[in-house]
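Residues per chain are reported as follows:
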Amino acid sequence: MPAVKPIEYPPPFDSADAIGPPTDPVDDRIEVGVAIVGGGPAGLACANRLMQLLEDEPELTEKLGEVPVAVIEKGKVPGAHLLSGANVDPSALTRLFPDMDPGDWPSVYQEVTEDATYFLTSKAAIPVKVGLVAGPPPPNFRKEGTYTMSVSKMGRFLAEKAEEAGVYILSETAATKLLVEDRIVKGVRSGDRGRGKEGEELANFEPGSDVIAKATVLAEGTIGHLTYSAFDYFDMREGSDPQAWELGVKEIWEVPKPLDRVIHTLGWPLRWGSKYKEAGGSFIYPMGEDKVCFGLVVGLDYTDATFSVHDELQRFKQHPFIAKIIEGGKRVGWGAKTIPSGGYWALPKRFSVPGMLVAGDAAGMVNIAELAGVHYAMHAGMYAAEAIVESLKEDPDSVNFESYDKMIRDSAIEKDLYRSRNMKQPLTKGLIKGGIFANALVMTKGNFPPGHMKVEDNAEPAMSLGTAEDKYPQPDNEVTFNKLDSVFLSGNATRDDAPNHVRIQTKVPREVAQTWVSMCPAQVYEIPEEQLENGAAEVDVHVTASNCVQCGAITAKGGRLTLPEGGDGPLYTET
C-alpha cells in the first residue's frame, strides 16, 4: 500500500466556528474583570499575581467589579488535566511566592542533587555525558537545582492560594467560544452541559453563558482549542513555522527501593533516523522514598502507522535497566499528554491582540531540548498579569496589552528558546548524526550549525503500515498493561453518552486510520474487524470519545480535538 499523508484528510472543523460575538442578553451575561482560561501553571500563576498586584490598587480592583479575576477550568478540579515529568526550575515559584520556603510547596517530592543520562541498547544501559566523542551526546539534561514535582498537585496548590486571595474558580467549565466584537476579544462563552450523544438536550441540560471580561488570558495548555482558533482569526502565526508536538506517556510506580537520582535515556526502543523518525527518549524521576515515575516522550512526526508510544513504554519496562528499578513494585498511576516541541521558530509572532493575551504551552513556550516548560508558563502568566494591571491602571477601558509582548521578548523565555531554536530538527536525521548536531548546538549556545532549520507539520510525513506493532508485548497485568486498563487508572469518568468532541474524517485510507488507532494511548479509535481482515484500502474509523484523556495527539496528526463537556476527561492526582 502507498504511504499516505494525514494532512491530506483534514478534520471537519472550522476555526471560525469557535469565534463569535456575545449572544446572551446583557442582563444575563457574567461580568468579570479578568477571565483566565485554564487552571494550569500559566493561568493560576497569572491569577495569583493579579491578586498580589491588585492589593495595592483599590481603585482598579473596584472598577474590575465583584469578580475581579475568574479562572475557567475544564477539569473536574484544578490539576485534574495536568501531567508532566516533572523537574521544575524553581525560579517562577520563588518569584511568585518570595517569602515561601520550598519545603512549603506541597507539590514537591525532593530537590534534584544528582542526575544521569544513559544510552540504551536492547540489553545494556551505557552512561553518556555531553561532549562524549565516543557516543551520541544528548541535549542538556542537567537537572541539579530543580525540584521533582507533581504538576497536578501544583495546580491544586496554586488554585488554593488563588481562592484564598479572592479569585473565583469555575471548575468543570469548558470555554468553547472566544467572544469577539470589532476584532476586540470581549471574553469567552462556556459550553453547554447535559447534551446527549447526538447533541440533543437531556433532562439536566444547562446552556452555556457569555463571560465578559476587560482582559482575557488564554492559558489552555498544550492543545489550545480557543488559542489555535484565535491564531487563525487574528493571523498571529503569520510567518511562523507550524507547531509540532511530542507525545508523552507516563506511569507512576510504588517501589520497595528508592531511586537516588534523575535519569534520562536515549536510544532503544526507538528507531531513530529519517525513515522512521522515532526521535525521543525517556525520563525516570524519584518521587520520595516509595515511588518513581517514568515516561517515554516521542515526536509525532514519525512515519510507521503502527507505532504506539503507550506500547513502546510497556516494552521499555522490560529492559533489564528499567526492570530492576521497578522490581517488586506496583503501578499506581498512568497518564498521557502532548508537549509543544516546535520551539522558537513555531512561536506566534504576537502574544497579544486587543483584549487578549496567550501564555504557556498554548503559545508553545517549551524548551524541548531540556524538557522544560512549567516555569516558562508561570513566568508568562505573571507577565500577563503585570501587563494587564499596567494597562488598566492607565486606562480602565484599555484593550491594548502590547507591553506583554515586550516582556516575553525580553525574558528568559525568548532567550532560552532562541538558544535551542534548532535543537529538535536534527534529531530526525538519526541518533548519531543528530547527536553530533545537538552537541554542537549545546556547546555553541545554538549558534552552530547556523541558520533556520524548518519545523515540519506533524501531519505532513507520509504514513505507511510498518512493523512497530510486531514487537509489542502482550499485557501481563503485572509489568505491562493494555490501554483501556490504563485509562481506568487515569481516573477518567466521561459518560458514555457524552457528545463526540473529536473531529476527524471517518472514512480514510487504512494508513491514516491505523495511525490514529495506534497513536492514541486511550483506545479512542477503532477500525472494524471485517475491514482489517479483508485488507480494505479505505476503512471506517469508529470513535469512542468517552475513552479520551485529552492528550491532544489527534490534533497533531490530522484531526482536531475540541472541548468535551466540563468535568469530563481524566482526574489526575499525582502526575
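Here, every reference points to the structure presented above.
As the structure is a prediction and not an experimental result, all values here were calculated from the model.

Trainee: In this structure, what is going on with the environment of Glu 414? I would like to understand it.
Mentor: With respect to the secondary-structure elements, Glu 414 resides in helix H10 (residues 412-419). Residue class for Glu 414 comes out buried when judged on its relative accessible area of 13%. In the structure, Glu 414 is positioned 67 residues away from Leu 347 in sequence and 9.4 Å away in space, judged by C-alpha atoms. Setting aside chain neighbours within four positions, we find Glu 414 in contact with Tyr 344, Leu 347, Ile 408 and Arg 409.

Trainee: What am I meant to see in the environment of Gly 360 here?
Mentor: Looking at the secondary structure, you find Gly 360 in the loop between strand E21 (356-358) and helix H8 (374-394). Measuring from C-alpha to C-alpha, the distance between Gly 360 and Leu 371 comes to 14 Å, with 11 residues separating the pair along the chain. The residues touching Gly 360, leaving out its near neighbours within four places in the chain, are Ala 42, Met 365, Ala 377 and Ala 380.

Trainee: So what exactly am I meant to see when it comes to the sheet that holds strand E6 (residues 115-120) here?
Mentor: With mixed pairing, the seven strands of this open sheet are ordered in space as E7-E6-E16-E17-E18-E15-E19. The open sheet has two edge strands with one neighbour each: strand E7 (125-127) and strand E19 (330-340). On average, adjacent strands in this sheet sit at an angle of 25° to one another, irrespective of strand direction. Where E6 lies against E7, three bridges are found, and the strand directions are antiparallel. What sits directly across from Leu 120, in E7, is Ala 125.

Trainee: Help me understand a negative patch on the surface in this model?
Mentor: Residues Asp 14, Asp 17, Asp 232, Asp 235 and Glu 238 make up a contiguous surface patch of negative charge. Along the chain, Asp 235 falls in the loop between helix H5 (225-233) and strand E15 (245-254). With a relative accessible area of 48%, Asp 235 lands in the partly exposed category.

Trainee: Even after reading the chapter, I still don't get the packing of aromatic side chains, so can you show me in this structure?
Mentor: Each aromatic ring pair is described using two quantities: the centre-to-centre distance and the angle formed by the ring planes. Enumeration according to the criterion identifies 13 aromatic pairs in this entry. When the centroid spacing of 4.8 Å and the interplanar angle of 80° are considered together, the rings of Tyr 233 and Phe 234 count as edge-to-face. The partly exposed category is assigned to Tyr 233, whose relative accessible area is 31%. Between Tyr 344 and Tyr 418 the ring centres are 5.0 Å apart and the planes differ by 80°, which places this aromatic pair in the edge-to-face class. Taken together, the residues Tyr 344 in the loop between E19 and strand E20 (352-353) and Tyr 418 in helix H10 connect sequence positions 74 residues apart.

Trainee: Sorry if this is basic, but what is going on with the pattern of salt bridges here?
Mentor: Oppositely charged side chains can pair when the atoms bearing their charge come close. Throughout the structure, instances matching the rule amount to 28 salt bridges. Between Asp 304 and Arg 271 there is a salt bridge; the shortest N-O distance is 2.8 Å. Separated by 33 residues along the polypeptide, Asp 304 in the loop between strand E18 (291-299) and helix H6 (309-316) and Arg 271 in the loop between strand E16 (262-267) and strand E17 (280-287) bring together distant segments of the chain. Across this residue pair, the class does not change: Asp 304 and Arg 271 are buried.

Trainee: It is not clear to me how the pairing of strand E10 (residues 175-181) should be interpreted in this structure. Could you clarify?
Mentor: One face of the sheet, then the other: side chains in a regular strand alternate in exactly this way. Taken together, the two bridges between strand E1 (residues 19-20) and E10 define a ladder with parallel strand orientation. Note on E10: the bridge partner recorded for Gly 20 is Leu 179. Sheet topology note: the E10/strand E11 (residues 184-190) ladder contains six bridges and is antiparallel. Opposite Val 180, over in E11, you have Val 185 as the bridge partner.

Trainee: I keep staring at the sheet that holds strand E5 (residues 108-111) and nothing clicks. Help me out?
Mentor: Note: strands within a sheet are paired through backbone hydrogen bonds, in either parallel or antiparallel orientation. Here we have three strands laid out as an open sheet, ordered E4-E8-E5, and antiparallel in their pairing. Each edge of the open sheet carries a strand with a single partner, namely strand E4 (87-88) and E5. Inspection of the sheet shows E4 paired to strand E8 (residues 147-149) by two bridges, in the antiparallel sense. Paired with Asn 87 across the bridge in E8 is Thr 148.

Scoring rules and cut-offs
Residues numbered from 1 in each chain as written. Predicted model: local features only at pLDDT ≥ 70, side-chain atom pairs only at ≥ 80, totals over all residues. Heavy atoms only, no water. Helix = DSSP H or I, 4+ residues; strand = E, 2+ residues; numbered from the N terminus. Buried < 20%, exposed > 50% of the residue type's maximum accessible area, 1.4 Å probe, protein only. Contact = heavy atoms within 4.5 Å. Pairing = 2+ DSSP bridges. Axes fitted to C-alpha atoms, helices over the stretch in contact; angles between N-to-C directions. Patch = residues over 30% accessible without salt bridge, like charges linked within 9 Å, V, L, I, M, F, W, Y side chains within 5 Å. Areas by Shrake-Rupley, 256 points an atom, 1.4 Å probe, with all protein chains shown as cover. Salt bridge = Lys/Arg side-chain N within 4 Å of Asp/Glu carboxyl O. Lys, Arg positive; Asp, Glu negative; His and termini not counted. Charge placed at Lys NZ, Arg CZ, Asp CG, Glu CD. Phe/Tyr/Trp six-rings, centres within 6.5 Å; stacked < 30°, edge-to-face > 60°.

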